[in-house]
Amino acid sequence: MFKTNVGTIDRAIRIILGLFLLALTMVGPETPWGYIGIIPLATGILRTCPLYSLVGLNTCAK
């Protein structure tokens, strides 16, 4: 369906950042802005980023 364009390191960073932001909804400042973490978490799990596709970026190993 979507072309894979998120590499291994990029994927790990996205998943960690997504989980961290989601954790902010439960601990710390408990702000609903933490739900923005769903975006990097989803792009990391799915290994595709629509923004990368629009600008022609690809962090996968060649």
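Above this text is the structure in question.
This section reports on the structure supplied with the text. Within every chain, residues take consecutive numbers counted from 1 along the sequence as written. Residues qualify for local features only when their pLDDT is at least 70, as the model is predicted, and side-chain atom pairs are given and counted only at 80 or more; totals for whole chains, interfaces and linings, by contrast, use all residues. Values reported for side chains reflect all heavy atoms of the structure, with hydrogen atoms and water molecules removed beforehand.

Some words on the packing of aromatic side chains
One pair of aromatic rings is described through two measures. These are the centre distance and the angle between the planes.
Okay, step 1: Each aromatic pair joins two rings of Phe, Tyr and Trp (for Trp, the six-membered one) with centres within 6.5 Å, and gets the label stacked for planes under 30 degrees apart, edge-to-face for over 60, and tilted for any other angle. Enumeration according to the criterion identifies zero aromatic pairs in this entry.
Okay, step 2: Residue placement shows R14 over the ring face of Y52; its charged tip is 4.8 Å from the ring centre. A ring has a charge above it when a Lys NZ or an Arg CZ is no more than 6 Å from the ring centre and no more than 35 degrees off the ring normal.

Side note on helix 1 (residues 8–23)
Okay, step 1: The end-to-end C-alpha separation of helix 1 is 23 Å, in line with the 22 Å expected for 16 residues at 1.5 Å each.
Okay, step 2: Only protein chains enter the accessibility calculation, which uses a 1.4 Å probe; a residue whose area is less than 20% of its type maximum is buried, one above 50% is exposed, and one in between is partly exposed. To qualify as a helix, a DSSP run of H or I must reach at least 4 residues; to qualify as a strand, a run of E must reach at least 2; elements of each kind are numbered from the N terminus. Among all positions in helix 1, only D10, R14, G18, L21 and L22 are buried. The buried residues of helix 1 occupy an angular sector of 95° when the element is viewed end-on, so they sit on one face. Along helix 1, exposed side chains directed more than 90 degrees from the buried face belong to T8, I9, I13, I16 and F20. Multiplying 1.5 Å by the helix residue count minus one yields the expected span of that helix. In this context, the arc is that of the directions from the helix axis out to the C-beta atoms.

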